[in-house]
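Okay, here's what each chain looks like letter by letter:
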Amino acid sequence: MNKASIRRAMRKKRRALTPAQQRTAASGLRKSLNSAIHLSRSARWGLYLANDGEINPLPTIQRLWRRKKACYLPVLHPLYHNRLWFVRYQPGARLKPNKYGIPEPVLRGAKRVPPWSLDVVCFPLVAFDKQGNRLGMGGGYYDRTFADRRVIIKRPKLIGFAHHFQQLPELPHEPWDIPLSAVATDQQLHRFRNKKALR
């Protein structure tokens, strides 16, 4: 299967999940991250709000809030195409839909931080394989943001979030694809020994 076919199949499958199945998956995701003891020392987390059937990280965000961790959401860069800013996300924060219909924090008066200042960044996947290769929606936002020279010097741990059925034996991948430290699903945490992935 090519990338377009994989995207169509996986997006259709995750959008078909019932609300109850999504709640169960979100709870399982939170539990999978409990096995990553080293992450408990991480203070600044980049996450996302679920869209298009993506696995929902909200229970994970709420758990991080309870542990006094700082959470940040990606915001589309207003000037540079295919780049992300990260803005502090707190309970009750004002959100507005971006051009894709995804809620993101209102920029005015918000605390914005550079990607390299985060300890961990968790983002949704369309698919992943046993080697740690990933397939996103195709916009290249995370790849371009974390390929920036300023970010490479101190790249956060990059963790993909996905439903367990989004794992495939092998994916087509490109040299510029940003490597993952791990993928957390509703069933387990997959760790990767990728030489290009830092820490």
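Since we're looking at a predicted model, the values are computed, not measured.

Explain the side chain of H190 to me, and be specific about the residues and the numbers.
Here H190 is to be found in strand 13 (residues 189-191). If we skip the residues at most four places from it in the chain, H190 touches F128, Q167, S181, A182, V183 and T185.

Go over the environment of S181, please, and point to the residues and values.
Assignment of secondary structure puts S181 in the loop between strand 11 (167-168) and strand 12 (182-184). A relative accessible area of 16% places S181 in the buried class. Sequence-wise, S181 and K96 are 85 residues apart; in three dimensions their C-alpha atoms are separated by 30 Å.

Which residues make up the sheet that holds strand 1 (residues 44-46), and what values go with them?
Two modes of strand pairing occur in sheets, parallel and antiparallel, and in both the strands are linked by backbone hydrogen bonds. Read from one edge of the open sheet, 8 strands run 6-3-2-1-7-10-12-13, paired in mixed fashion. Since the sheet does not close on itself, it has two edges, and those belong to strand 6 (112-113) and strand 13, each with one partner. In this structure, strand 1 lies alongside strand 2 (residues 70-76), joined through 3 bridges in parallel fashion. The partner of G46 across the bridge, within strand 2, is Y72. Running at roughly 135° to strand 2, helix 3 (residues 58-66) makes contact with strand 1, strand 2 and strand 3 (84-89) of the sheet.

Kindly report on the packing of aromatic side chains, identifying the contributing residues and their values.
Summed over all chains, the structure comprises 6 aromatic pairs. Between F123 and Y142 the ring centres are 4.4 Å apart and the planes differ by 20°, which places this aromatic pair in the stacked class. With F123 in strand 7 (residues 120-124) and Y142 in helix 4 (residues 141-147), this pair connects stretches of sequence that are 19 residues apart. Considered together, F123 and Y142 belong to a single accessibility category, that of buried residues. Considering the side-chain rings of Y142 and F146, the 6.5 Å spacing of their centres and the 5° angle between planes classify their relative orientation as stacked. One end of the pair is Y142 and the other is F146, both in helix 4 and 4 residues apart, which spans about a single turn. Assessed through its relative accessible area of 14%, Y142 is described here as buried. A connected cluster of aromatic rings, assembled from ring pairs, spans F86, F123, Y142 and F146.

What counts as what
- Residues numbered from 1 in each chain as written.
- Predicted model: local features only at pLDDT ≥ 70, side-chain atom pairs only at ≥ 80, totals over all residues.
- Heavy atoms only, no water.
- Helix = DSSP H or I, 4+ residues; strand = E, 2+ residues; numbered from the N terminus.
- Contact = heavy atoms within 4.5 Å.
- Buried < 20%, exposed > 50% of the residue type's maximum accessible area, 1.4 Å probe, protein only.
- Pairing = 2+ DSSP bridges.
- Axes fitted to C-alpha atoms, helices over the stretch in contact; angles between N-to-C directions.
- Phe/Tyr/Trp six-rings, centres within 6.5 Å; stacked < 30°, edge-to-face > 60°.

That's the geometry; what it means functionally is another story.
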